[in-house]
Amino acid sequence: MSDLQGVLDRIGLTMAERTDRGRVASYIPPLARVDPMQFGMAVALPDGRTLTTGNAATGFSIQSISKVFTLSLALGRLGEGFWSHVGREPSGQAFNSILQLEHEAGLPRNPFINAGAIATTDAAMANHEPKVFLAELLSFVRAAAEDEDIHIDQAVADSEKATGDLNRALAFFMASHDRLSNPVEKVLGTYFHQCAIHMNCRQLARAALAFAGGPGVPNLVSEARRKRINSLMMLCGHYDASGDFAFRVGLPGKSGVGGGILVAAPGRAGIAVWSPGLNAQGNSKLGTEALDMFATLTGWSVFG
Ligand code: GLU
C-alpha cells in the first residue's frame, strides 16, 4: 500500500479501541507510573518525511533499545574483534538469565540479552570514563535522530541502579572469567544510564533509519554494520518472543521494557512504536500488534 499515512491512521484508530493493553513494567517506580492508555507510532522515510499517529511526540524510557546503539559503537570501535567478547546466537533463555553464562565460561550468547549488553557496553567504552562514553553515546543517538533534544532521565537511571542486583551478578560473573576490561561498577553505571535514555517515537524512528539505510540516508552506520545489527535484531531483538516477532512482522526490531520498539525496514524506513503495556514476553502488546498490522498492510516483511 503506498498511502503510508492512511496505513498509520488505520492502525492508530484500531489501537485506540483496544481494551486489553498488557501490563506496564513495574520493577522500578518511574516505569510503573506510566499511563498504559498511550500509543504512538512513527515512520521516518529517506526523503526526510516522518509520518506519525497517536502519541508519537511523547517521550518514554527506551531501555533495552539502547543496546542497539551501544552495539553499533562497539562494532565501530572493535570491528570483527568484537565477536571475541560476545556471541551471536539466540539464547533461548530469559533476557536476564545467568544459567548460560555458567555453561559457557562467562561468554554471553548475544549483545541483546542483559549479560551480552553489559559486555557490549564494556567493549564500547574501551577505557573511557562512563561520563565520556555516555556523552559519545548521546551524540551518536542525537546525530542519528537528527535531534539534539534527547537526554538521560536521571530518576530512571537511579532506580535502575537501586534495583540492579541481578545485572550486578551477571557483570561480576563475567568479570570473574576476565570478560570485562573496565571496573564492574563503571560498566554497570554506564549501562543503567544508557537504559534511561528518553526519546519519543518521532526521534526513535529517525534514529532507526540509520539502521535501515536507503537512498540519501547519511552513512552514520556503515552498510557492513547495518547488515550485522539487523540480523541480530531479527534473531534476538524480542527476548524469548524473537521467533514470534519475525513470524508476525518479518522486520528486524529491538524492544524495551518501557514499551518502545525500534524497527529497521531495510532500504525503506525507520519505524518506532510505543505503548507501555507489555505482553507476557515483556514486549509492547499494542506495539507488536501495530507492527503486525503495519507489515501486513504494507507488505514490507523481508520474507515477502
Ligand atoms: N534496564 C533493564 C534491565 O537491564 C532493561 C530491561 C529491558 O528493556 O529489557 O534489566
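Rules used throughout
- Residues numbered from 1 in each chain as written.
- Predicted model: local features only at pLDDT ≥ 70, side-chain atom pairs only at ≥ 80, totals over all residues.
- Heavy atoms only, no water.
- Helix = DSSP H or I, 4+ residues; strand = E, 2+ residues; numbered from the N terminus.
- Buried < 20%, exposed > 50% of the residue type's maximum accessible area, 1.4 Å probe, protein only.
- Pairing = 2+ DSSP bridges.
- Salt bridge = Lys/Arg side-chain N within 4 Å of Asp/Glu carboxyl O.

Caption draft 1: Representation of the environment of Ala57. Take Ala57: it is sitting in the loop between strand S3 (50-54) and strand S4 (60-61). On the basis of relative accessibility, which here comes to 63%, the residue Ala57 falls in the exposed class. In sequence terms Ala57 and Arg10 are 47 residues apart; their C-alpha atoms lie 18 Å from each other.

Caption draft 2: Representation of the sheet that holds S4 within the structure. Strand order in this open sheet of three strands is S4-S6-S5, and the pairing throughout is antiparallel. Of all the strands in the sheet, just S4 and strand S5 (151-152) have a single pairing partner and so form its edges. In the sheet, S4 pairs with strand S6 (residues 197-199) via two bridges, with the strands oriented antiparallel. Each bridged residue has a counterpart across the sheet, and for Phe60 the counterpart in S6 is Met199.

Caption draft 3: How the structure looks around the pattern of salt bridges. This structure, assessed with the given rule, holds 13 salt bridges. Here Arg109 and Glu104 are joined by a salt bridge, their closest N and O atoms 2.9 Å apart. Residue classification places Arg109 among the partly exposed residues on the basis of a relative accessible area of 26%. According to the relative accessible area criterion, Glu104 is partly exposed, its value standing at 31%. Linking Arg206 and Glu146 is a salt bridge whose minimum nitrogen-to-oxygen distance equals 3.7 Å. One end of the pair, Arg206, is in helix H10 (residues 201-212); the other, Glu146, is in the loop between helix H6 (130-145) and S5, and 60 residues separate them in sequence. Its relative accessible area of 56% is what places Glu146 among the exposed residues. When salt bridges with common partners are traced through the structure, they connect Arg18, Asp20, Lys285 and Glu289 into a single cluster.

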